[in-house]
Structure formats: C-alpha cells, structure tokens
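Structural characterization, general
Next come the chains, spelled out residue by residue.
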Amino acid sequence: MSPTIYTIILSSLATGTIVTMTSFHWLMAWIGLELNTLAIIPVISTLHHPRSTEAATKYFLTQAAASAMILFSSMINAWNTGTWDITQMSYAPSNILLSLALALKLGLAPAHFWLPEVLQGSTLLTALIITTWQKLAPMSLIYMTMNNLPSTILLMLGLTSSAIGGGSGLNQTQTRKIMAYSSIAHVGWLAMIASIMSYIMIMNLMVYWMMTTALFTSLICSKSKTIQDTATTWTTSPTLDIIMMLLLLSLGGLPPLTGFLPKWLVLEELIMQNLIPMATAMATSALLSLFFYLRLTYATTLTLPPNTLQMKFKW
C-alpha cells in the first residue's frame, strides 16, 4: 500500500473515533463508528493472503452487525422518547440492546469469537490498532450512556469476559491470540467497573492502552509471532527482553507493577458496593490470565544462557 493511501486511511480511522467521541446525536455517533470500521478493513487486508481477507470479512460482518444494532436501539429510543440525544437513553429495551451491541463491538464474551480470529489473520501492527485504538469509540459510548445502561448486564458481561479471556488463553501458542484473549479479559474488567465508577474505568483503559501498546511494540521489534519466537528475543536485544518481562508481569497484575493498580481499585470498589462474590470471581479469573502471562515470561526471560535452551535459534 502506498504511503499516501495509508495516511488517508489512518486519518479516516482517527476521524471516525473522534467523531463518535465528540457527538451527542446518535446518527453522528453511528457515522463515526462506520467510518472507523470501513477505514480499518483495507489495513487488515493489506497482506493479500486468504487468511487476512478472511479476517477482514469477519471483522466487517461483526462490526456492521453491531453498528446496525446501535442504530436500531437509538431509533427505538427516539421513537419512544422523541430525542436523539446520546445522554437521554431512558427507554429500557433500547438500553439492553445497546449494551449487547457495544459488547459485540468491543469483543466482550460471549460475543468475543471474532476477535482472536481477526487478530490471527492480521499483522502485529494491525492487531495493535484493533486492540487499542478501536476500543476507544465504543468505550466513549459506554461512558456517555453509563447512567442508563443496565448494570446487571454489564457486570455479567464483565465477569464472563474475564473468565473466558483467562481460560481460553491458556492453551494458545500464538502471541497474537494470547493478546486477543488478554484484551477480552481486560475489557471485561472495564465493563465490570463501568456502571459503578467511571473515573476508575478511564484510568483502567489508559493503563491497558499503554501496556498493550508497549508489549505489541516489543513483539513487533523482535518479530515474535509465537511463544517459541519470544524465547530467542535475547539474541536480538537483552534490554528488550527485560522490558517484555516487566510488561507481561504488569499485564498479569502483579503488585509492584502498574497493572496491579487498576485491578486493585476495581476490586476495592466492588467490595465497597457489597459485591463480594463478584470481586472474588474476578480475582480468581485474573489468576487464569496471570498463568499464561507467566508462561510467556518464562519462555522469554527465564530460559536465558547459561541455562539449557528450550528453543532453536532464529538463524
């Protein structure tokens, strides 16, 4: 793809998100979401490979379905209340439909099946865009309609996502799929706190954004597409190896590192709201995620010389 076309596509991507984040009318928000979806399709299918074409098709179908559901829920709301204002979503059925549509757009379980497949079919850089930038527009819609969204549905979606994201990532060997399940689990934490405390949700999103970007950048630098590739990162750059170890442990949420803070605040807030069984279940599901982060950490840094190497060298 020529640099000019790539620049136009990326600026369309940015514009779509900004339009959605700054709009108060449902039609403008929907236009922003559609612009976002249409701009990322050529980025996913740049490889000219059946796998990437399949990924682009899956992405397009799920996002188009989610956008249609969002438009449908806003139309029902406008029909019953007479307003297209995003903050005035007061009709209960349209709120339920909206929360399910946003779950599909974000890749929250049980509507998460498209995300690992799409990431596996695209490059590491495209996977980075899908797991970070593409989460902003739907999250901003959740933030704007948060007072009206059914909190029970959000709590259940959050719990399911965290458990499925942690459990399904255990048997993966591809780094992109691991990052996809990691994304599902983290967005589950965001959905969990969304209806309770918005400030913690935004802080959680920012921390997730920074850590995921840093880890994907490390994977791009070391060209690591499987766990086996990460084991030979030290031959490229020992410093990068240590950074990757800290990032993985931070994503897992181990105490001295940054990733522990959002989890701690979410659990504290859940306990304050007397949702102790929910907090226990979330903490347990975080252990599942931690296991596959630790496995990656082990392959990346704990098999360094003079220990016996588990993997073949890249050369």
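Small disclaimer: the values here were computed from a predicted structure and weren't measured.

Moving on, we get to the overall build of the protein chain. Of the regular secondary structure elements, the protein chain holds 15 helices and zero strands. The C-alpha radius of gyration of the protein chain comes to 20 Å, within 12% of the 20 Å expected for a compact globule of 315 residues. With respect to the three principal axes, the spread of C-alpha positions in the protein chain is 70 × 55 × 25 Å. A burial count over the protein chain gives 51% of its 315 residues as buried. Residue pairs at least 24 apart in sequence account for 75% of intrachain contacts in the protein chain once pairs closer than 6 positions are excluded. Of the side chains in the protein chain, 12 bear a positive and 8 a negative charge, and the two mean positions are spaced by 13 Å.

Let's shift gears to the environment of A101. With respect to the helices and strands, A101 occurs in helix α4 (residues 92–106). In this structure, the C-alpha to C-alpha distance between A101 and F72, residues 29 residues apart in sequence, is 9.8 Å. When residues no more than four places from it in sequence are discounted, the contact partners of A101 are A66, M69 and I70.

What follows concerns the UniProt feature "domain: NADH:quinone oxidoreductase/Mrp antiporter transmembrane" (unreviewed entry) in the protein chain. UniProt records the feature "domain: NADH:quinone oxidoreductase/Mrp antiporter transmembrane" (unreviewed entry) for residues 25–288 in the present numbering. Helix makes up 77% of residues 25–288 and strand 0%, with an end-to-end C-alpha separation of 40 Å.

A contiguous nonpolar surface patch, about 290 Å² in accessible area, is contributed by L38, F60 and L61. For L61, the location among the structural elements is in helix α3 (residues 50–81). A residue is classified by how much of its surface remains accessible, and L61, at 53% relative accessible area, is exposed.

A separate point is helix α6 (residues 124–131). Buried residues dominate α6, accounting for seven of its eight residues. Residues L124, T126, A127, L128, I129, I130 and T131 constitute the buried set of α6.

Rules used throughout
- Residues numbered from 1 in each chain as written.
- Predicted model: local features only at pLDDT ≥ 70, side-chain atom pairs only at ≥ 80, totals over all residues.
- Heavy atoms only, no water.
- Helix = DSSP H or I, 4+ residues; strand = E, 2+ residues; numbered from the N terminus.
- Rg over C-alpha atoms; globule rule 2.2 N^0.38 Å.
- Buried < 20%, exposed > 50% of the residue type's maximum accessible area, 1.4 Å probe, protein only.
- Contact = heavy atoms within 4.5 Å.
- Lys, Arg positive; Asp, Glu negative; His and termini not counted.
- Charge placed at Lys NZ, Arg CZ, Asp CG, Glu CD.
- UniProt positions renumbered as here; feature names shortened; annotations may be inferred.
- Patch = residues over 30% accessible without salt bridge, like charges linked within 9 Å, V, L, I, M, F, W, Y side chains within 5 Å.
- Areas by Shrake-Rupley, 256 points an atom, 1.4 Å probe, with all protein chains shown as cover.
- Salt bridge = Lys/Arg side-chain N within 4 Å of Asp/Glu carboxyl O.

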